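# Residue-level structural notes
For reference, the chains in residue letters:
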Amino acid sequence: MDENSPSPLKPRTLLAQALGAGDATTRALTPPVHMSSTYLRDADNGYESGYVYGRTDNATVKQVELIIATLEGAADAMLFSSGMAAATSVFLALEKPTHIIASHVIYWGFREWLTDVGRYGGHSVSFVDTTDLDAVAEAVRPGETGIFWIETPSNPLWTLTDIAAIAEIAHAAGALLCVDSTVSTPIITRPIAFGADIVVHSATKYLNGHSDVIAGAVAVAEDSPLWQSTQKVRGQLGGIAGPFEAWLLMRGMRTLDVRLREQSRSAMKLAERLSAHRAVSAVLYPGLKSHRDHDIAVRQMDGMFGGMFSIRMRGGEAAAILVASKVEVWKRATSFGGVESLIEHRASIEGEGTPCPSDLLRLSTGLEDVDDLLDDLLRALDQVPRSAETRTASVVETEVQS
Ligand code: PLP
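Here we summarise the structure given alongside this text. Here the structure is a predicted model, which is why all the values come from computation and not from measurement.

### With respect to the nonpolar core
Ranked by internal contacts, the top residues of the largest apolar core, which has 80 residues, are Phe309, Ile311 and Met313. Examining the composition of this core, we find that seven residues originate from one element, helix H14 (residues 370-381), more than from any other. Each of domain 1 (11-253) and domain 2 (256-401) contributes no fewer than three residues to this core. Apart from the residues lying within four places of it in its own chain, the contact partners of Ile311 are Leu274, Val280, Ala282, Val283, Asp359, Leu360, Leu361, Leu363 and Leu381. With 26 residues, the next largest nonpolar core counts Ala87, Val90, Ile100 and Trp227 among its residues.

Written out as structure tokens, the structure is:
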């Protein structure tokens, strides 16, 4: 395939065949894992193969990068040893002190890192509700703001930020827009098509999909000095994904489209059914018509809304923790995007200062039979004592808006 022209094939086809990755020598349909940490130098002292050393070059990694770049409609992509390595490398590559505008509701580990970003080259950060475009415009510091960082849908409240609108504000300020698109994946949203400059993934989640790889990816709309520096940072820090992880990721990605469709279908059914339960005060899922950002979701998400949703309990934190303790099919664990359904009381993990309410349970819909998932949740929810329903729906609604 010509790497520079968009493929006429659908993502599902490209993924199922891993973009034709195989082995030219043996004609193996499934590609080998290139484990070598070093490569032979030519007699004339050159490296005609282009491969020199494993901290910067690996053929298995490159195969995955090509797949991700193709899916995202990106000029290039780079694979990292984790989502955090991917995200932080972009900021470590900034060459002068930069003002960053970031969504207030983002993956808590990255919010924590950004809070300390001043340590890494004198950058500063303003956390803003990026669903409020006026607030975003007001936060711009002309001549200083260089990067916008948004995560949409936002983990774990699943609010939507309008990528095209933020891209306009960012570009008018001469800044770049980075989107953490881990939850949507390129099957649901391709941020570059909405004007984003950089897309970041925790490939640990949906891209891999089997809870057995830690990896990250960055894709860019076009080559730039920042992209070149990010490559340099990866090479210097050794942030590249391991070859075996890259290979497993490629295998996982073959079913990404099928998984996402099924997970979205199940999540929608669960969100609808749980909305009616007496113990639940709110279901946060962009696919619900009642979701405050549903119109943006319809524009930005490609006919499905993903596998992630949260429920808020009328009985507060105690009721949330009780429900998490009573489920059997759903597994109590952090992370998301795998084939097993996971449930988590997020506030416990995010700690002080989190925008996540203490009555919230985050759910990652897996690939189990949706009726088993529903029955399990209903059984657990039915065990919440009626006396725990002390808070009214309107109180909870006010909190969600704030
Ligand atoms: N982005 C999002 C949305 C996440 O949820 C996570 C981890 O949970 C990360 C990035 C970081 O990814 P990793 O755990 O692969 O470093």
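So, next bit.
### Concerning helix H3 (residues 83-92)
Counting buried residues in H3 gives eight out of 10 residues, a clear majority hidden from the surface. Among the residues of H3, the N-terminal cap falls to Ser82, whose side-chain oxygen and the backbone nitrogen of Met84 are separated by 3.4 Å.

### Looking at the site of the ligand
Taken together, 13 residues lie around the ligand, and Gly83, Met84, Asp180, Ser202 and Thr204 are the ones closest in. For the ligand, an oxygen atom lies 2.9 Å from a polar atom in the side chain of Ser202. In the model, an oxygen atom of the ligand is placed 2.6 Å from a nitrogen or oxygen of the Thr204 side chain. When the ligand is considered free in solution it has 390 Å² of accessible area, and contact with the protein chains removes 90% of it. When the residues that make up the shell around the ligand are grouped by side-chain class, the tally is four nonpolar, six polar and three charged.

### Thoughts on the pairing of strand E4 (residues 145-151)
Within E4, six of the seven residues are buried, which leaves the element mostly enclosed by the surrounding structure. The sheet contact formed by strand E2 (residues 99-103) and E4 spans four bridges and is parallel. Its bridge partner lying in E4, Ala102 is registered against Trp149. Relative to strand E5 (residues 176-180), E4 runs parallel, the two sharing five bridges. By the bridge assignment for E5, Trp149 is matched with Cys178. Handedness of the crossover joining E4 and E5 through helix H6 (residues 163-172): right-handed.

### Considerations on the sheet that holds strand E7 (residues 216-220)
With mixed pairing, the seven strands of this open sheet are ordered in space as E1-E7-E6-E5-E4-E2-E3. Unpaired on one side and paired on the other, strand E1 (76-80) and strand E3 (124-128) mark the two borders of the sheet. Put simply, the sheet's adjacent strands are angled 20° from each other on average, direction ignored. For E1 and E7, the ladder comprises five bridges, and the chain directions are antiparallel.

About the criteria used
- Residues numbered from 1 in each chain as written.
- Predicted model: local features only at pLDDT ≥ 70, side-chain atom pairs only at ≥ 80, totals over all residues.
- Heavy atoms only, no water.
- Core = buried A, V, L, I, M, F, W, Y, C linked by side-chain atoms within 4.5 Å.
- Buried < 20%, exposed > 50% of the residue type's maximum accessible area, 1.4 Å probe, protein only.
- Helix = DSSP H or I, 4+ residues; strand = E, 2+ residues; numbered from the N terminus.
- Domains from an automatic or database assignment.
- Contact = heavy atoms within 4.5 Å.
- Polar contact = N/O pair within 3.5 Å; in protein donor to acceptor, adjacent residues only side chain to side chain.
- Near = heavy atom within 4 Å.
- Areas by Shrake-Rupley, 256 points an atom, 1.4 Å probe, with all protein chains shown as cover.
- Nonpolar A, V, L, I, M, F, W, Y, C, P; charged D, E, K, R; others polar.
- Pairing = 2+ DSSP bridges.
- Right-handed = clockwise from strand over helix to strand, strands pointing away.
- Axes fitted to C-alpha atoms, helices over the stretch in contact; angles between N-to-C directions.

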